[in-house]
Amino acid sequence: MPQTIIEKIWDDHQITDLGDGTSLIYIDRIFLHERTGSVALKGLEASNRDVRDPEQAFCTMDHIVDTTPGRDDNTRMPGGTAFIQTTRKAALAAGINLFDLGDQRQGIAHVISPEQGIALPGVTLVCPDSHTGTLGGLGALAWGIGSTEAEHALATKTLVIKKPKTMRVTFNGELSTGVTAKDMILTLIGRHTAAGGIGYAIEFAGNAISKLSIEARLTLCNMTIEFGAWSGLVAPDEKTFEYVRGRPFAPAEDQWDQAVTYWQSLQTDPEASFDKEITIDCSEIVPQVSWGTSPMHEIGIDRHIPNPADEPNENIRTSMERALDYMGLEPGTPMDGVPIDAAFIGSCTNSRVSDLRAAAEILKGRKIADGVKAICVPGSGLVKKAAEEEGIDKIFTDAGFEWRESGCSMCFYAGGESFGLEERVISSTNRNFENRQGPRTRTHLASPTTVAASAIKGHITDVRNINISKTDQD
Amino acid sequence: MEKFTVLEGIAAPIMRINIDTDVIIPSREMKRVSKEGLSDGMFSNWRYTEPGGREENPDFILNQEPYRQASILLSSDNFGCGSSREHAVWAMAEWGIRAIITPGFGNIFYGNCVRNGILPVILDNKIVEKLAKQVESDPDNNLIKVNLKNCSVTGPDGNKYSFKIAPADQEMLLEGLDGIAITMRQDHEIMAFQERDKLKRPWIYI
């Protein structure tokens, strides 16, 4: 019977069929961070349970750690140090792989997981973090879980899961210059709502996806959770194999051919059917920016802030009114031109070398506008090092950006640091929720290039009006 | 984990779509490496007048009588979307919420509820809105009854609505079971899987 890639990976990990669509599924890789992993490790200790196969479990410090240069275990968030130190102690005691502060490999979980070869095509990978779907960019079946489920995965190497429905989202056509994977996923969420993917595992397909770089695929899959989806992935191809080869935890050379042969089988069969199909023409996509407090509140940069009065659905209308009130925006205002107070480039969505390189191309030889506070936080110590070797740090600092140590940082307020009350931020992150980046902070989601261009102008702007040459496609 | 069988209680309607876990508990309220002591931070940005403060906002429904005694929440689609933080569920359970009725949940939040004795009920939006209106007209007396044994919700007018839940989730809630202990019964199958898989995918076993 023809199968989708999702069903193939599912079948290869099913230990027992528990009936009613629920299975006991084998988990290949478990990733933890100090925010939620700390509680999971502490829970296991309290119940006197061991981590089964600790060599296949990994832990980083990313959520609460300070990102200012010269940092240590102290955090701006009261009590944050306890999360870091509890996690360190428990991870060392359990014998799992730890990427600690001071280790150049430390960084955001979903940035270092591909970087180290931990996420691989066809693996099941879980992390008590909602953005775990990022790793679908490599063809992994990866999803976010709670801390209690993380305990279960650590103790048993399995999870009890109801099989998701399948959806294929096909992106056809060419991306225009200045349009990125971030704009593709925002477009999907804008058109089909933040609940459009609930209950689904998604395969992203189509010629536009094949052309995306691996890092762009990671960005695309990162925000499947903002679409409500359980997970999302891109089938592995030659680009994927080339990306993975030689990474520290990737298959060794003597296992390489066997691994590639297996990975090549992970393609959706031509006759296989999905429970739902969506098609998007990339030529219609322009740079996107969010205007409200849900990722579905987003529009093209060339559009005007929508009027709730035009929305027939009462629930959606009410949420739009509330969002505009929170954001301090009026319907009908052109998106291009909304003044900003701050700009942020970072997060598991957009903090990889290719993101920083693309933003640097905009910033090179330019200065950010007066009064704008701008911060760049590379996704890992190795991303930071690679960027510095290319001189990217210098371009950012010359333009007026702060250049930080790696971590999740101001994607949310856990680091205890915020841009301030009612400050308007253009941000390469993934969530524009109320108070997400700090009390009453107003977040506008966009690609790193749109963030860089807006920082220069001092207002949200169309990056296509600034000279650039590259897209996320080859 | 506390068992869930039948619950009859005061329901508080917070009828907004996309209520995310940052709203249910902001990151700064997750102050200790613990599942406890989180209920004070629940809905803190809506519940208190100032960020980080503790002065109650009288306009917020859970600060009003009789909703302070609510054990059931009614809400709109995509409830609990966003961050995976289980702290959102721990905070609600500690505060006293035992069931949440909405047209849809964030996937991770739904799973977290089941593992902490909170019953997530999915009903059609029209039904949830009807229940909300009935409750609001007399919240003290218009109670809602949730029965997990026969998977039904009974409204204040006596109308009964059935809902679906995966049998494994239903069992875990009804019995208050520990998921790890249940899975450990299959230890033999897990080991047999690993032995077979090592031949097929040896690179996984680092």
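All figures in this text were calculated on a predicted structure; none of them were measured in a lab. The numbers attached to residues start from 1 for each chain and follow its sequence in the written order. Throughout, the order in which chains and ligands are written sets their labels, letters from A for the former and numbers from 1 for the latter. Selection of residues for local features in this predicted model requires a pLDDT of at least 70, selection of side-chain atom pairs for listing and counting requires 80 or more, and totals for whole chains, interfaces and linings are taken over all residues.

Some thoughts on the interface of chain A and chain B
Item 1. Listed by partner, the interface residues are 64 residues for chain A and 47 residues for chain B.
Item 2. Listing elements by their share of the side of chain A that touches chain B, those giving two or more residues are strand S1 (14–19), strand S2 (22–26), helix H2 (37–46), helix H3 (80–94), helix H5 (147–156), strand S8 (158–162), helix H10 (253–264) and helix H11 (314–327) of chain A.
Item 3. Under the DSSP-based scheme used, a helix requires at least four consecutive residues in state H or I and a strand at least two consecutive residues in state E, with every element numbered from the N terminus. Top contributing element to the side of chain A that touches chain B by residue count: H5 of chain A, with 7 residues.
Item 4. Class assignment for the residues of the side of chain A that touches chain B results in 28 nonpolar, 23 polar and 13 charged. Contacts here follow a simple rule: the backbone-placed C-beta atoms of the two residues must lie within 7 Å. Each residue gets one label: Ala, Val, Leu, Ile, Met, Phe, Trp, Tyr, Cys and Pro are nonpolar, Asp, Glu, Lys and Arg are charged, and the others, such as Gly, are polar.

Here we look at the pairing of S8 of chain A
The side chains of a regular strand alternate between the sheet's two faces.
All names here are of chain A.
Item 1. Exposure criterion: with C-beta atoms placed from backbone coordinates, a residue whose C-beta has 20 or more other C-beta atoms within 10 Å is buried, one with 12 or fewer is exposed, and one in between is partly exposed. Summarising burial for S8: 4 of the 5 residues are buried, a large majority.
Item 2. Alignment of S2 against S8, held across 5 bridges, turns out to be antiparallel. Paired with Ile 25 across the two strands is Leu 159, which belongs to S8. Should DSSP find at least two bridges between two strands, the strands are regarded as paired.

Here we look at the packing of helix H12 (residues 353–363) of chain A against helix H14 (residues 392–399) of chain A
All names here are of chain A.
Item 1. At a minimum axis separation of 9 Å, H12 and H14 run at an interaxial angle of 45°. By the angle between their directions, the pair H12 and H14 is classed as oblique. Here the hand of the crossing between H12 and H14 comes out left-handed. Here H12 contributes Leu 356, Arg 357, Ala 360 and Leu 363 to the contact with H14, which in turn contributes Ile 392, Ile 395, Phe 396 and Ala 399.
Item 2. For the contact of H12 with H14, the residue count by class is 7 nonpolar, no polar and 1 charged. Under this scheme, a helix contributes an axis fitted over its contacting stretch, all axes are lines through C-alpha atoms, and angles between N-to-C directions fall in the 0 to 180 degree range. Any angle from 65 to 115 degrees is called roughly perpendicular, while one under 35 is roughly parallel, one over 145 is roughly antiparallel, and all others are oblique. Left-handed is the label given to a crossing in which the near helix is rotated counterclockwise from the far helix by less than a right angle, and right-handed is the label when the rotation is clockwise.

Observations concerning the pairing of strand S15 (residues 342–345) of chain A
Residue and element names in this part refer to chain A.
Item 1. The side-chain alternation of S15 yields two buried faces, one formed by Ala 342 and Phe 344 and the other by Ala 343 and Ile 345.
Item 2. Inspection of the sheet shows S15 paired to strand S16 (residues 373–376) by 4 bridges, in the parallel sense. What sits directly across from Ala 342, in S16, is Lys 373.
Item 3. Of the crossover connections in this fold, the one passing from S15 over H12 to the parallel S16 is right-handed.
Item 4. For S15 and strand S18 (residues 424–427), the ladder comprises 3 bridges, and the chain directions are parallel. Considered in S18, the bridge of Phe 344 is made with Ser 427. Every crossover in which the path from the first strand over the helix to the second runs clockwise, viewed with the strands pointing away from the viewer, is termed right-handed.

Some remarks on the nonpolar core
Item 1. By size, the foremost hydrophobic cluster in this structure holds 206 residues, and its most contacted members are Ala 140 and Ala 343 of chain A together with Ile 101 of chain B.
Item 2. The greatest single-element share of this core, amounting to 7 residues, is contributed by H12 of chain A.
Item 3. What Ile 101 of chain B contacts, discounting residues up to four positions off in sequence, is Ile 72, Leu 74, Val 121, Leu 123, Val 128, Leu 131 and Val 153 of chain B. The term nonpolar core means buried Ala, Val, Leu, Ile, Met, Phe, Trp, Tyr and Cys residues held together as one set by C-beta atoms within 7 Å.

A short note on the confidence of the model for chain B
Item 1. What pLDDT expresses is the predictor's confidence in each residue, scored from 0 to 100. Residue-level pLDDT values for chain B average 96, and 100% of them are 70 or greater.
Item 2. Predicted as a complex, the structure gets a pTM of 0.96 and an ipTM equal to 0.95.

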